[in-house]
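Here is what each chain is made of, one letter per residue.
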Amino acid sequence: MMPFNRTLSSEELQELNKWMSNLQIKLDNRTRRELSDVVNVAQIIKNFNSKLVDMCCYKSHSSLALKLENWEIFNHKVLRKLGLKLSHNDLTQLASGSLAALKCLLYYLMTWNRDGLSPVSPSKRISSTGGKKKTSESLSGSTELAAEQKSNENVHLDMPEVGMSVPYAKYKQVIQENYKKKRYLSSISHKAKYLESLMMVKEDRINFLLERIAALAALADHNAKNCSQAD
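No experiment lies behind these values; they were computed from the predicted model shown.

### Things to note about the side chain of Asp90
At step 1: Mapped onto the elements, Asp90 comes out in helix H5 (residues 88–95).
At step 2: Within the structure, the side chain of Asp90 is placed 3.0 Å from the side chain of Ser87, a separation counted as a polar contact.

### Focus on the packing of aromatic side chains
At step 1: Summed over the entire model, instances satisfying the criterion amount to four aromatic pairs.
At step 2: Between Tyr58 and Phe74, the ring centres sit 5.5 Å apart and the planes meet at 80 degrees, which makes this aromatic pair edge-to-face. Taken together, the positions of Tyr58 in the loop between helix H3 (38–48) and helix H4 (64–77) and Phe74 in helix H4 put the pair 16 residues apart, joining distant regions of the chain. You'll find Tyr58 and Phe74 in the same group, each marked buried.
At step 3: Taking 5.9 Å as the distance between ring centres and 85 degrees as the angle between the ring planes, the aromatic pair formed by Trp71 and Phe74 counts as edge-to-face. On the criterion of helical spacing, the pair formed by Trp71 and Phe74 is a turn pair, its members being three residues apart in helix H4. Phe74 shares its class with Trp71; the two are buried.
At step 4: Grouped by ring-pair contacts, the aromatic residues Trp19, Phe48 and Trp112 constitute a single cluster.

### As for the packing of helix H1 (residues 10–22) against helix H6 (residues 99–114)
At step 1: Running from N to C, H1 and H6 point in directions that differ by 75 degrees, and their axes come no closer than 10 Å. Overall, the two elements H1 and H6 adopt an arrangement that is roughly perpendicular. Mapping the contact onto sequence places Glu12, Leu13, Glu15, Leu16, Trp19 and Met20 in H1 and Lys103, Leu106, Tyr107, Leu109, Met110, Asn113 and Arg114 in H6.
At step 2: Tallied by class, residues from the contact of H1 with H6 come to eight nonpolar, one polar and four charged.

### Structural notes on the nonpolar core
At step 1: Core analysis: the largest hydrophobic core is formed by 38 residues, its most contacted members being Ile45, Tyr58, Trp71, Phe74, Leu79 and Leu82.
At step 2: Counting only elements with at least two residues in this core, the list comes to H1, H3, H4, H5 and H6.
At step 3: The greatest single-element share of this core, amounting to 10 residues, is contributed by H6.
At step 4: Filtering out sequence-adjacent residues up to four positions away, Phe74 remains in contact with Val38, Val41, Ala42, Ile45, Tyr58 and Leu79.

### Re unusual backbone geometry
Glycine aside, a negative phi is what most residues show, and trans is what most peptide bonds show.
At step 1: With phi around 60 degrees, Gln24 is a residue other than glycine that occupies positive phi space.
At step 2: Secondary-structure assignment places Gln24 in the loop between H1 and helix H2 (29–35).

### Some words on the packing of H3 against H4
At step 1: The geometry of H3 relative to H4 is characterised by a closest axis approach of 9 Å and an angle of 25 degrees between their N-to-C directions. Our classification of the angle between H3 and H4 gives roughly parallel. Along its contact with H3, which presents Val38, Val41, Ala42 and Ile45, the element H4 presents Asn70, Trp71 and Phe74.
At step 2: Within the contact of H3 with H4, the residues separate by chemical class into six nonpolar, one polar and no charged.

### Some remarks on the confidence of the model for the protein
At step 1: Taken over all residues, the pLDDT of the protein has a mean of 74, while the share at 70 or more is 74%.
At step 2: Below pLDDT 50 for its whole length, residues 120–145 participates in 42 contacts with residues either more than four positions away or in separate chains.
At step 3: Within the model, the stretch residues 147–163 combines pLDDT values under 50 with 21 contacts to residues more than four positions away or in other chains.

Cut-offs used in this document
Residues numbered from 1 in each chain as written. Predicted model: local features only at pLDDT ≥ 70, side-chain atom pairs only at ≥ 80, totals over all residues. Heavy atoms only, no water. Helix = DSSP H or I, 4+ residues; strand = E, 2+ residues; numbered from the N terminus. Polar contact = N/O pair within 3.5 Å; in protein donor to acceptor, adjacent residues only side chain to side chain. Phe/Tyr/Trp six-rings, centres within 6.5 Å; stacked < 30°, edge-to-face > 60°. Buried < 20%, exposed > 50% of the residue type's maximum accessible area, 1.4 Å probe, protein only. Axes fitted to C-alpha atoms, helices over the stretch in contact; angles between N-to-C directions. Parallel < 35°, antiparallel > 145°, perpendicular 65-115°, else oblique. Contact = heavy atoms within 4.5 Å. Nonpolar A, V, L, I, M, F, W, Y, C, P; charged D, E, K, R; others polar. Core = buried A, V, L, I, M, F, W, Y, C linked by side-chain atoms within 4.5 Å. pLDDT = per-residue confidence, 0-100.

As structure tokens, this is what we get:
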């Protein structure tokens, strides 16, 4: 697996600078602040693939904690489909506007767009060659169904042990319905995992706020004791 947050080579930087120039992107301090907000990165990806990003899921924030929460959601909903699975530290670097992290992300987006890669399922990961292996979930699903149907054509449909036979058309229909149910259950499972990830993000945020409140309460108590002693 190619590491995400790494130092790009001179050739990679030259290629990235040319690509950013075509998109009129200049990584100055202002642009770094803008790209630390996931909304602006989401818009870049949406320009490449309008179906991949739902802009309604994200809202601009200025605080690091809320930016990071947006990046956590964006990582789960979009970046994983592009073959990336970033660590919490990687996302913190992006939310902080780290130049190295932003360059790495933009470089991967450049190669993904340049090579015409299709979004991949969450189980797929970027390879050491930069993720140039083309993957299409819909094509994979169709191939799987076709292979299953072809293997079923060779099945003897007479079942003397139960005293009945099934017409092939009916058997094919049942197979297709079973496949659709499997796909539906897989979709539900994916949504459940996504909701779990959202709950974890919210729980981390709540714990962070509780720790801040406890610290402020302790500080207030300390100041009150100092004031009483001074009196």
